Amino acid sequence: MIKDLFHKNRPVYSLEVFPPKQDTDITSIYDSLDQFKELHPHFISVTYGAGGTTSENTFAIASYIQNQCGIEALTHLTCAAIPDKLFLTNFLTNLYRNGIRNILGLRGDQPRGMSDEQFASRYYAHASDLIADIKSTYPFSVAGACYPEVHQEAASLEEDIAHLKIKADQGVDFLITQLFYDNETFYRFLDKARNTGIDIPVLPGLMPIVSAGQVRNIIELSGCAIPEKLRRAIDKYKDSPADLKKAGLDYTKEQMEDLLARGVDGIHLYSMNKVETAKYIFD
């Protein structure tokens with residue numbers, strides 16, 4: 001299980017992939033996984049559609065990672081996707097019977113097509129509730145999410161970390177951060193978390209910027225800040241896609257080198273299914 005890796009391997013290196021959209025060829029992700037395997041990550045996480053739209057593919061991909069690639073698979077699961085306890089039990093049983101022992105419990109965003117009323121009355125209101133039930137059902141290694149720049153619905157970093165402490169106390173084995181581009185923000189967050197008694201491993205999540213359009217999406221979806229140094233590089237190379245991509249990759253490499261020098265527990269790379277990106281960063 002992934003929780004055991006932190007006792008044997010530090011730093012721990014991991015990747016994240018997502019199931020292809022339903023109208024695309026799913027075999028492409030298996031070709032990518034065969035190449036990701038050559039980078040020898042300690043684990044690979046697989047996202048789960050907020051409304052369960054990719055749940056079958058998520059399970060199939062996680063099973064391939066675990067059983068064919070021989071790499072620990074981390075399966076995402078969001079609260080919004082779970083209608084009742086029976087669904088959760090069946091989902092966990094399916095994972096467990098197929099040798100998958102790791103799960104990332106998330107609250108998740110409101111799915112498209114789900115009304116505000118439906119989202120507000122979801123079976124699991126918070127990830128901490130979901131994590132408690134996962135832990136009481138099977139002995140999974142359970143991960144949680146955290147936000148160095150504060151969750152968008154939290155009033156302050158202190159409030160956000162207080163909620164994170166509840167999650168940790170429910171049995172979370174390790175945490176993965178939302179993407180960020182300012183390492184100092186991460187260090188401040190980590191200091192406050194440690195001072196609050198959160199002593200489990202925390203993996204910084206990094207996502208290289210490889211296109212100008214990606215910047216807008218990142219800011220809209222995550223609200224994370226773009227530091228001046230990175231913003232200058234984006235502006236400088238906005239008319240040269242190849243140069244912008246290299247500048248973005250190099251920035252992430254610098255981020256990673258600084259984090260590793262400060263003794264972080266590992267690096268989690270949001271690879272966006274791009275083998276070339278992961279290879280450039282991790283080689």
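Each value, and the rule that gives it
Residues numbered from 1 in each chain as written. Predicted model: local features only at pLDDT ≥ 70, side-chain atom pairs only at ≥ 80, totals over all residues. Heavy atoms only, no water. Helix = DSSP H or I, 4+ residues; strand = E, 2+ residues; numbered from the N terminus. Rg over C-alpha atoms; globule rule 2.2 N^0.38 Å. Buried < 20%, exposed > 50% of the residue type's maximum accessible area, 1.4 Å probe, protein only. Contact = heavy atoms within 4.5 Å. Areas by Shrake-Rupley, 256 points an atom, 1.4 Å probe, with all protein chains shown as cover. Lys, Arg positive; Asp, Glu negative; His and termini not counted. Charge placed at Lys NZ, Arg CZ, Asp CG, Glu CD. Salt bridge = Lys/Arg side-chain N within 4 Å of Asp/Glu carboxyl O. Core = buried A, V, L, I, M, F, W, Y, C linked by side-chain atoms within 4.5 Å. Patch = residues over 30% accessible without salt bridge, like charges linked within 9 Å, V, L, I, M, F, W, Y side chains within 5 Å. Axes fitted to C-alpha atoms, helices over the stretch in contact; angles between N-to-C directions. Parallel < 35°, antiparallel > 145°, perpendicular 65-115°, else oblique. Left-handed = near helix turned anticlockwise from the far one by under 90°. Nonpolar A, V, L, I, M, F, W, Y, C, P; charged D, E, K, R; others polar. Pairing = 2+ DSSP bridges. Phe/Tyr/Trp six-rings, centres within 6.5 Å; stacked < 30°, edge-to-face > 60°.

Caption draft 1: Up close: the overall build of the chain. Check the secondary structure of the chain and you find twelve helices and eight strands. Compactness check: the chain gives a C-alpha radius of gyration of 18 Å against a globular reference of 19 Å for 283 residues, within 12% of the reference. When the backbone C-alpha atoms are referred to their principal axes, the chain occupies close to 55 × 45 × 45 Å. Out of the 283 residues in the chain, the part that is buried amounts to 50%. Considering only intrachain contacts with a sequence separation of at least 6, the fraction spanning at least 24 residues in the chain is 79%. Accessible surface computed for the chain: about 13600 Å², of which carbon and sulfur atoms make up 48%. Between the averaged position of the 29 positive side-chain charges in the chain and that of its 38 negative side-chain charges there is a distance of 2 Å.

Caption draft 2: Structural view of the pattern of salt bridges. For the coordinates displayed, the defined rule picks out nine salt bridges. We note a salt bridge from Asp250 to Lys246, for which the minimum N-O separation is 2.8 Å. On the criterion of helical spacing, the pair formed by Asp250 and Lys246 is a turn pair, its members being four residues apart in helix α11 (residues 241-261). Taking relative accessible area as the criterion, Asp250 reaches 22% and is therefore assigned partly exposed. A relative accessible area of 46% places Lys246 in the partly exposed class.

Caption draft 3: Up close: the nonpolar core. One finds Leu33, Phe36, Ile103 and Phe186 to be the most contacted residues of the largest nonpolar core, which totals 60 residues. Considering every element that reaches this core, the biggest residue donor is helix α8 (residues 183-195), with five residues. Apart from residues lying up to four places away in sequence, Phe36 is in contact with Leu15, Val17, Pro41, Ile44, Ser271, Asn273, Lys274, Val275 and Ala278. With 26 residues, the next largest nonpolar core counts Ile2, Phe43, Phe174 and Ile218 among its residues.

Caption draft 4: Spotlight on a negative patch on the surface. Taken together, Asp25, Asp31, Asp34 and Glu38 make up a surface patch of like negative charges. Relative to the assigned elements, Asp34 resides in helix α2 (residues 27-36).

Caption draft 5: Looking closely at unusual backbone geometry. Positive phi outside glycine occurs at Met272, with the angle close to 55°. Looking at the secondary structure, you find Met272 in the loop between β8 (266-270) and α12 (275-282). The backbone phi angle of Asn273 is positive, close to 65°, even though this residue is not glycine.

Caption draft 6: Expanded view of the packing of α8 against α11. For the pair α8 and α11, interaxial distance at closest approach is 11 Å and the crossing angle is 30°. It follows from the interaxial angle that α8 and α11 lie roughly parallel. Seen along the crossing, α8 lies across α11 with a hand that is right-handed. Across the interface between the two elements, Asn183, Phe186 and Tyr187 from α8 touch Gln255, Asp258 and Leu259 from α11. Partitioning the contact of α8 with α11 into residue classes produces three nonpolar, two polar and one charged.

Caption draft 7: Structural view of the side chain of Asp160. Its location among the elements puts Asp160 in helix α7 (residues 157-169). Not counting the four nearest positions on each side in its chain, Asp160 is found in contact with Tyr147, Val150, His151 and Ala154.

Caption draft 8: Representation of the sheet that holds strand β5 (residues 141-146) within the structure. Taken together, the eight strands give a closed barrel; going around it, the order is β1-β2-β3-β4-β5-β6-β7-β8, and neighbouring strands pair in parallel fashion. Recorded for the sheet is a direction-independent mean angle of 25° between the axes of neighbouring strands. As defined by bridge partners, strand β1 (residues 12-17) adjoins strand β2 (residues 43-46) across four bridges and the pair is classed as parallel. Pairing of Val17 across the sheet is with Val46, part of β2. Packing against the sheet, α8 makes contact with β5, β6 (174-179) and β7 (202-206), and its axis sits at approximately 160° to β7. Those strands touched by α11 are β1, β7 and β8, and its axis lies near 165° from that of β7.

Caption draft 9: The arrangement of the packing of aromatic side chains in detail. Enumeration over the complete set of coordinates arrives at eleven aromatic pairs. Between Tyr96 and Tyr138 the ring centres are 4.6 Å apart and the planes differ by 20°, which places this aromatic pair in the stacked class. Taken as a pair, Tyr96 in helix α4 (residues 85-97) and Tyr138 in the loop between α6 (127-137) and β5 lie far apart in primary sequence, 42 residues in all. Given a relative accessible area of 22%, Tyr96 falls into the partly exposed group. Of the residues examined, Tyr138 reaches a relative accessible area of 22% and is grouped as partly exposed. Centre to centre, the rings of Tyr123 and Tyr124 are 4.8 Å apart; their planes meet at 90°, and the pair counts as edge-to-face. Tyr123 gets classed as partly exposed once you look at its relative accessible area, which sits at 45%.

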